[in-house]
Amino acid sequence: MTDTSRQFVLGKRPDGKPDRDTFELEKGDVPEPRHGEVLVRTCYLSVDPYMRGRMRDRDSYADPWDVGDRMGGHVVGEVVESEHDAWSVGEFVFGEGFWSEHSLLDGDDLTPVDPSLQNLSLPAYLGVLGMPGRTAYFGTLDVLEPDPGDTVAISGAAGAVGSTVGQIASLAGARVVGFAGSDEKVDYLEDDLGFDAGINYKTTENYRAALADAAPNGIDAYFDNVGGPISDAVFSQLNVDARVAICGQIALYNDEGVPTGPRKLPQLIAPRARVEGFLVGDYATRFEHANDRLREWVTNGDIEHRESIVEGFENAPDAFLGLFEGDNIGKQVVKVAEPSE
Ligand code: NDP
């Protein structure tokens, strides 16, 4: 095993859009586990939109990073040394690690990769079988509660969370309409994931008209990953008793000013709509249940998933920056190392 390891730290706080200078690559010794710890060699690293919030010097649900801090993120990898009774060398695990080729992790906080699914897709543990999948699960079934025959709209529909939301809502019997940023993504929604309609918000001039065509009976539930003008269009077409799940607002994450909206609140009055923000972490006591359901759906073929894989640890910043350009279809991950046989 190599005795050096690379990691990314926060190089500087971004002003507006992050860029390559936001990240600093460092090299150091591979750490040694102490009692209770496990050394994990990262195979795949997750980059996620919420990390933009951690780059800001502002308290939020995820603690801000200081400049110079190693950046955190979910990893799936292989145990290379273990000082914890539950884990042996060669096992595959996933959990909260770091933007690092090796992570020293508390053995109590790791989850095993199901050996029968290992060949299916290790990166799926960072997407549909991981935090984004659980976000989609609880946001759809607990917050939106779609009934058969409802129409569900989704922004950021071709991403990790949105693509799973649409399929769970379809399984619940809803009509599903998704907004995404390219024709390729719209084809993916309609042809591969079974969405009833997709709208390319980058080439469509009138979102409201496009949505009215795609959802002639109005919107009963809206899963919002994005915010901004897409939400304005959806709010204008909410039905009575509509539910809105505010999962993310990526269109606003690089704005440094405090947004002056929401501008569309009057549109919630007549439909008596309920708008609810939620955090996946609040459902931690039911994670196991969600994991089981998601694994079942994936293995049965009821839920499709895709990962966009950027090769090479050194390219992790580009993978992260690409989230704001819409480079990914499905979950954006970084392949750091080949899993050993
Ligand atoms: P995605 O895989 O959806 O990646 C981000 C996508 O957002 C891009 O591919 C891009 O797709 C779209 N996007 C980027 N900028 C804009 C913009 N200005 N306007 C419209 N779309 C944009 O990410 P995730 O699935 O991981 O996360 C989705 C959302 O859910 C994020 O907002 C995230 O912060 C939030 N989240 C919230 C959680 C919670 O507990 N509340 C937990 C996990 C995620 P396109 O090509 O379509 O533009």
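From a predicted model like this one, the values you see are computed outputs, not experimental measurements.

Participant: Can you lay out the nonpolar core for me, pointing to particular residues and giving the numbers?
Facilitator: For soluble globular proteins, the rule of thumb is that nonpolar side chains tend to be buried together. The biggest cluster of nonpolar side chains holds 75 residues, and the ones touching the most others in it are Phe-23, Leu-45, Trp-99, Ile-154, Phe-223 and Phe-320. Considering every element that reaches this core, the biggest residue donor is helix 2 (residues 131-144), with six residues. Structurally, this core is a two-domain feature, drawing no fewer than three residues from each of domain 1 (4-127 + 306-335) and domain 2 (131-281). Once residues lying within four places of it in the same chain are set aside, the contact partners of Phe-223 are Thr-135, Gly-139, Thr-140, Leu-144, Ala-153, Ile-154, Ser-155, Val-161, Val-165, Ala-245, Cys-247 and Phe-278. Grouped together as the second largest cluster of nonpolar side chains are 22 residues, Ala-210, Ala-214, Ala-215 and Tyr-222 included.

Participant: An account of the domain arrangement of the protein is needed here, citing residue identities and associated values.
Facilitator: Its domain assignment divides the protein into domain 1 (4-127 + 306-335) and domain 2 (131-281). One C-alpha centre belongs to domain 1, the other to domain 2, and the line joining them spans 28 Å. On the domain 2 side, the residues contacting the 24 residues of domain 1 number 17 residues. With both sides pooled, the region where domain 1 packs onto domain 2 buries about 1600 Å², and carbon together with sulfur makes up 53% of that total.

Participant: Go over helix 5 (residues 207-214) with me, naming the residues and quoting the values.
Facilitator: Along helix 5, the positions that sit buried rather than exposed are Tyr-207, Ala-210, Leu-211 and Ala-214. Within helix 5, the buried residues cover an arc of 95 degrees as seen down the axis, which keeps them to one side. Where helix 5 is buried, its residues contact strand 9 (175-180), strand 10 (197-200), strand 11 (219-224) and helix 6 (229-235).

Participant: Outline the environment of Arg-263, supporting the account with residue identities and numerical values.
Facilitator: With respect to the secondary-structure elements, Arg-263 resides in the loop between strand 12 (238-246) and strand 13 (274-277). On the basis of relative accessible area, Arg-263 is assigned to the exposed category, the value being 57%.

Participant: Please set out the packing of aromatic side chains residue by residue, giving values where relevant.
Facilitator: The geometry of an aromatic ring pair comes down to the distance between the two centres and the angle between the two planes. This model, assessed by the stated rule, comprises 15 aromatic pairs. Ring geometry for Tyr-137 and Phe-138: centres 5.1 Å apart, planes at 85 degrees, overall edge-to-face. The ring of Phe-98 carries the charged tip of Arg-70 above its face, separated from the ring centre by 3.6 Å. Taking the ring centre of Phe-287 as reference, the NZ or CZ of Arg-134 above it sits at 4.5 Å.

Participant: Lay out the packing of helix 2 against helix 7 (residues 287-300) in plain terms, naming residues and giving numbers.
Facilitator: Between helix 2 and helix 7, the least distance of the axes is 10 Å, while the angle of their chain directions is 100 degrees. On the basis of their axis angle, the class for helix 2 and helix 7 is roughly perpendicular. Residue-level contacts link Gly-133, Arg-134, Tyr-137, Phe-138 and Leu-141 of helix 2 to Phe-287, His-289, Ala-290, Asn-291, Arg-293, Leu-294 and Trp-297 of helix 7. Of the residues assigned to the contact of helix 2 with helix 7, the class counts are seven nonpolar, three polar and two charged.

Participant: Which residues make up the side chain of Ser-46, and what are the values?
Facilitator: Relative to the helices and strands, Ser-46 is located in strand 3 (residues 37-46). Assessed through its relative accessible area of 1%, Ser-46 is described here as buried. Among the polar contacts made by the side chain of Ser-46, one reaches the side chain of Asp-48 at a distance of 2.5 Å. Here Lys-331 takes part through its side chain, which lies 2.9 Å from a polar atom of the side chain of Ser-46. Setting aside its immediate chain neighbours within four residues, Ser-46 contacts Met-51, Gly-73, His-74, Trp-99, Leu-126, Lys-331 and Gln-332.

What counts, and where the lines are drawn
- Residues numbered from 1 in each chain as written.
- Predicted model: local features only at pLDDT ≥ 70, side-chain atom pairs only at ≥ 80, totals over all residues.
- Heavy atoms only, no water.
- Core = buried A, V, L, I, M, F, W, Y, C linked by side-chain atoms within 4.5 Å.
- Buried < 20%, exposed > 50% of the residue type's maximum accessible area, 1.4 Å probe, protein only.
- Helix = DSSP H or I, 4+ residues; strand = E, 2+ residues; numbered from the N terminus.
- Domains from an automatic or database assignment.
- Contact = heavy atoms within 4.5 Å.
- Buried area = accessible area lost by both parts, 1.4 Å probe.
- Arc of directions from axis to C-beta.
- Phe/Tyr/Trp six-rings, centres within 6.5 Å; stacked < 30°, edge-to-face > 60°.
- Lys NZ or Arg CZ within 6 Å of the ring centre and 35° of its normal.
- Axes fitted to C-alpha atoms, helices over the stretch in contact; angles between N-to-C directions.
- Parallel < 35°, antiparallel > 145°, perpendicular 65-115°, else oblique.
- Nonpolar A, V, L, I, M, F, W, Y, C, P; charged D, E, K, R; others polar.
- Polar contact = N/O pair within 3.5 Å; in protein donor to acceptor, adjacent residues only side chain to side chain.

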